[in-house]
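Chain and residue survey
Now for the letters of each chain:
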Amino acid sequence: MADCPANCGALNDAPAPEHERVRVLLPLPLPAALDYRIPDGEPRVEPGRFVRVTLGSRRMIGVVWEGECDDVPAERLKPIMEVLPSPALPAELRRFIDRVAAYTLAPPGMVLSMAMRSEAALLPSTPRRVCAITEAGATALVESPPPKRLTAGRRRVLEVLRDGSAMPMAEAAREAGVGAAVVRGLVAAGLASDRLAPPMPPRVEEPDWQAPGPKLSAAQQKAAQRLVERVESGGFHVTVLDGVTGSGKTETYFAAVAAALARGRQVLVLLPEIALSVQWLERFRRRFGAAPTEWHSDIGQTQRRDAWRAVANGRARVVVGARSALFLPFSELGLIIVDEEHDLSYKQEDGVCYQARDMAVLRASLAQIPIVLVSATPSLETVINVSRGRYDSVHLPERHGAASLPSVALIDMRKEKLPPGHFLSPPLVKALEETLADGEQALLFLNRRGYAPLTLCRSCGHRLQCPSCTAWLVEHRFTGRLLCHHCGYSVPLPPFCPECLSAGTLVPCGPGVERLSEEVAERFPDARTALMVSDALPGPRAAADLADAMAAHRYDVMIGTQIVAKGHHFPMLTLVGIVDADIGLGGGDLRAAERTYQLLHQVAGRAGREERLGRVLIQTYMPEQPVMKALAANDRDRFLEAEAAQRRAAHLPPFARLAALIVSANDAESADFAARALARAAPHVPGVAVLGPAPAPLAVLRGRHRRRLLLQAERSVNVQAVLREWLAKVKFGGSVRLQVDIDPYSFL
Ligand code: ADP
Ligand code: ZN
Ligand code: ZN
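This text gives an overview of the structure that appears in the document. Just so we're clear, the structure is a prediction, and the values are computed from it rather than from any experiment.

1. Structural notes on the coordination of the zinc ion (ligand 2)
The coordination sphere of the zinc ion (ligand 2), as far as protein atoms go, consists of C457 (SG), C460 (SG), C497 (SG) and C500 (SG), spread over 2.3 Å. With four donor atoms in place around the zinc ion (ligand 2) and angles of 109 to 111 degrees between them, the coordination shape is tetrahedral. Written as a sequence motif, the donor arrangement for the zinc ion (ligand 2) is C-x2-C-x36-C-x2-C. Taken together, the positions of C457 in strand β20 (residues 454–457) and C500 in the loop between β23 (490–492) and β24 (506–509) put the pair 43 residues apart, joining distant regions of the chain. On the accessibility criterion, C457 (1% relative accessible area) is buried. For C500, a relative accessible area of 30% corresponds to the partly exposed category.

2. Side note on the site of ligand 1
Neighbouring ligand 1 are 16 residues; K215, Q220, G246, K249 and R283 lie closest to it. One of the side-chain nitrogen or oxygen atoms of K249 is found 2.8 Å away from an oxygen atom of ligand 1. Within the contact set of ligand 1, an oxygen atom lies 3.0 Å away from a side-chain nitrogen or oxygen of T250. Here ligand 1 loses 77% of its free accessible area of 550 Å² to cover by the protein chains.

3. Notes on the environment of K347
Mapped onto the secondary structure, K347 falls in strand β14 (residues 347–348). For K347, a relative accessible area of 4% puts it in the buried group. For K347 and L93, which are 254 residues apart along the polypeptide, the C-alpha to C-alpha distance reads 20 Å. Here K347 is in contact with R323, C353, Y354, Q355, D741, I742, D743, P744 and Y745, once residues within four sequence places are set aside.

4. Description of the sheet that holds strand β25 (residues 529–532)
Strand order across the open sheet formed by six strands is β18-β28-β27-β19-β26-β25, with parallel pairing between neighbours. The outermost strands of the open sheet, each flanked by one partner alone, are β18 (407–412) and β25. In this sheet, adjacent strand axes meet at a mean angle of 20 degrees when their direction is disregarded. Where strand β27 (residues 573–578) and strand β28 (residues 615–620) come together, four bridges link them in parallel fashion. Across the sheet, I578 pairs through a bridge with I618, a residue of β28.

5. Focus on the packing of helix α8 (residues 249–262) against helix α9 (residues 278–288)
Closest axis-to-axis distance for the α8/α9 pair is 12 Å, and the angle between their directions is 50 degrees. Taken together, the axes of α8 and α9 are oblique relative to one another. For the pair α8 and α9, the crossing hand works out as right-handed. Residues T250, E251, Y253, F254, A255, V257 and A258 of α8 form the contact with α9, whose own contacting residues are W280, R283, F284, R287 and F288. In terms of residue class, the contact of α8 with α9 is made up of eight nonpolar, one polar and three charged.

6. Re the environment of G439
Mapped onto the elements of the fold, G439 is located in the loop between α13 (426–437) and β19 (441–445). G439 sits in the partly exposed class, given a relative accessible area of 35%. When the C-alpha atoms of G439 and G587 are compared, they prove to be 40 Å apart, with 148 residues separating the residues in sequence. Apart from the residues within four sequence positions on either side, G439 is in contact with H553 and M572.

7. Concerning the environment of T377
Residue position: T377 is located in the loop between β16 (370–375) and α12 (380–387). On the accessibility criterion, T377 (3% relative accessible area) is buried. The sequence separation of T377 and E340 amounts to 37 residues, and the corresponding C-alpha distance is 8.1 Å.

8. Some thoughts on the sheet that holds strand β22 (residues 481–483)
Read across the open sheet, the three strands follow the order β21-β22-β23; overall the sheet is antiparallel. Edge strands, defined here as strands with exactly one partner in the open sheet, are β21 (474–476) and β23. Between one strand axis and the next, the sheet turns by 30 degrees as a mean value, whatever way the strands run. Bridge analysis of β21 against β22 gives three bridges, and the strand direction is antiparallel. Residue pairing in the sheet places V474 in a bridge with L483 of β22.

9. Looking at the packing of helix α1 (residues 91–104) against helix α11 (residues 356–367)
Relative orientation of the contacting elements α1 and α11 amounts to 140 degrees, with a least axis distance of 10 Å. Considering the angle they form, α1 stands oblique to α11. Note that α1 runs across α11; the crossing there is right-handed. Across the interface between the two elements, E92, L93, R95, F96, R99, V100 and Y103 of α1 pack against M359, L362, R363, L366 and A367 of α11. Partitioning the contact of α1 with α11 into residue classes produces eight nonpolar, no polar and four charged.

10. Focus on the coordination of the zinc ion (ligand 3)
At 2.3 to 2.4 Å from the zinc ion (ligand 3) lie its protein donor atoms, namely C466 (SG), C469 (SG), C484 (SG) and C487 (SG). Taken together, the four donor atoms coordinating the zinc ion (ligand 3) span angles of 106 to 115 degrees at the metal, a pattern that classifies the geometry as tetrahedral. We note that the donor set of the zinc ion (ligand 3) lies within a single chain, spaced as C-x2-C-x14-C-x2-C. Take C466: its relative accessible area is 5%, and that puts it in the buried class.

11. Focus: the pattern of salt bridges
If the charged atoms of two oppositely charged side chains come close together, the side chains can form a pair. Going through the model one piece at a time under the given rule, you end up with 35 salt bridges. Between D635 and R638 there is a salt bridge, with the nearest N and O atoms lying 3.7 Å from each other. For R638, a relative accessible area of 59% gives the class exposed.

12. Observations regarding unusual backbone geometry
Put simply, S144 and P145 share a cis peptide bond, and its omega is 0 degrees. The topology assignment puts P145 in the loop between α3 (135–142) and α4 (152–161). Across the junction of P653 and P654, the peptide omega takes the value 5 degrees, indicating a cis bond. Note on placement: P654 falls in the loop between α18 (636–649) and β29 (656–665). At E340, a residue that is not glycine, the phi angle is positive and equals roughly 50 degrees. Secondary-structure assignment places E340 in the loop between β13 (333–338) and β14. Even without glycine at this site, N634 takes up a positive phi of about 50 degrees. Note that N634 resides in the loop between α17 (626–633) and α18. Judged by relative accessible area, which is 42%, N634 ranks as partly exposed.

Parameters at a glance
- Residues numbered from 1 in each chain as written.
- Chains lettered and ligands numbered in written order.
- Predicted model: local features only at pLDDT ≥ 70, side-chain atom pairs only at ≥ 80, totals over all residues.
- Heavy atoms only, no water.
- Donors = N, O, S within 2.8 Å, 3.2 Å for Na, K, Ca; no water.
- Tetrahedral: all angles 85-135°; square planar, octahedral: opposite > 155°, others 65-115°.
- Helix = DSSP H or I, 4+ residues; strand = E, 2+ residues; numbered from the N terminus.
- Buried < 20%, exposed > 50% of the residue type's maximum accessible area, 1.4 Å probe, protein only.
- Near = heavy atom within 4 Å.
- Polar contact = N/O pair within 3.5 Å; in protein donor to acceptor, adjacent residues only side chain to side chain.
- Areas by Shrake-Rupley, 256 points an atom, 1.4 Å probe, with all protein chains shown as cover.
- Contact = heavy atoms within 4.5 Å.
- Pairing = 2+ DSSP bridges.
- Axes fitted to C-alpha atoms, helices over the stretch in contact; angles between N-to-C directions.
- Parallel < 35°, antiparallel > 145°, perpendicular 65-115°, else oblique.
- Left-handed = near helix turned anticlockwise from the far one by under 90°.
- Nonpolar A, V, L, I, M, F, W, Y, C, P; charged D, E, K, R; others polar.
- Salt bridge = Lys/Arg side-chain N within 4 Å of Asp/Glu carboxyl O.

Below is the structure:
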């Protein structure tokens, strides 16, 4: 008996039903893939192929998936309507999707949908009319004297087409600077031909890995060598590139990027908030003479389609993207870099809740390639993985060149006397005066958008609140509106108190960056001041232009929220003032201290990046807080040790596992009812504790009432298995929804 030619393991003389049906995963929140029939006489469809099918009355694109088919009778199966000509979703990416779904407990189809963000990329492109020079045209061009019918415009078109290759008609006209009618006239005269042709894929610039980078310092050279060795030896391996701000981490990992390119591999670089990373893109271009392929929420449909295809067919060699770039169909991925690996924006909290840094490690392990996690303030998770010997670590302890780390001092706000409505303490004002007198620049950091975080009535004490969230409305004075930062609700600032109807009694409480800029303008009327805050900048380009203007010293003082913290390099910036260091420490977030340290350290790292010495002043009401002491002493490692000890004692990650369950419903009763049902079914498993239900801190969000439960487990527990069993016991009806967040970051 011979083996089946289709290699399915079935035997030739037995009918092989697997040949007639396949599983198709659809980008929908269904529990699993569905079976479809392969139409009679059609060949087998390989896993990974994109197919068009119907679900109910909907036509959809899905992907042929591996796995056992169900035993639905064949006559009840719907047929596959069409196998799309696009390249298959690579097997490695399919495994990744399955694993992400299993880890996050998200329906696999929802994870797949992240890999199908461009439907246009899967469909054949519409052909376009192209034209080419004919023999008659070529002759006419060289004839002398020139033939009469060869007008100046026609001649220019023929010159554009001279090399013989076909070109879209519109493009030929544009390049020759003539109207479309001129090109059509050429065709009519027989000097050019036209036909329909599929569009050429857009050109993707190829980075030049041989282009020389800057001369690396000895420490950088050593670090780069370690990374390059990993790329060259191949195989899965995690290296943490741990270097102080300004130590040249980017230059160092560029060496590894070059090494991967030299070996013909693709590279993925993840950046937090890619929209703000124009400086990074420019640096990449300077180094490699080409732009990388970008992938993030700000790119348009066409760019998205082209990028997806270019990644799939290998023309895109380097992709720089936000977390969703992890789900691109790389065919030859050889290296992943996660820059600012500690950054909070790697955690996605809606739809599929996943931590992109962790999933990047998973992807690297499935692909058997090296990954580099880059940070000046690595997350505690990463630090512990280094101490456990799972990750390697490479250090860059010093700033590059003549720059040294800034000095850091705390300002004890309990001792400072400030007039009401003012937020800059005398020592910070003095430092600003000195900096400006020296012709240097200052940065004031306040992580609060708008004018004031709270508006209240002086007369009755009423606080202005969002009608659909448990949150205060934030005044934005430039636009004259009150805004909910959670749901986007916005109203004009009312002229009187909505509660007691008194006029002129609403007062702002506390500072936002807009209010701070008023204070700076009042104190330093001659200083050129810029406000760097996402809602005042219409897009990434505007943010980059503002950063460029700051770098070129067209401003003296920059006031900003956390978007100033990342990546920027301002040579004349010597003073950083942190206006309210305590903001991030409130609330029940287990990572509050760690995050505050990371953010403030990063902001502080903007000071003194060149020869001029930098200084950092931190205004705090809690100078005794370990975070503040660590910042002042620049003692990251001691802080991390203390933080680790605390988390270990409290059985918190990374020494234990957490999963959050968020139940939401249109009304409080349904939410309570569902949450209690969930709690009653809670598992009784050794090493597992379930806390709650409790109203979420954001008890109402976008009009939905929310309750939280928290599952806390020892590291040895298979949390996913416990959750799966638990959740299978509870069914919700009506408006109730359940969101599962494995390794939660936000506790709102
Ligand atoms: P990090 O990513 O560690 O904050 P960067 O890679 O941004 O540091 O480097 C900080 C600054 O120093 C940048 O302007 C960079 O161009 C410069 N720099 C770093 N290393 C070198 C080098 N070997 N030669 C020249 N300039 C360097
Ligand atoms: Zn009132
Ligand atoms: Zn709201």
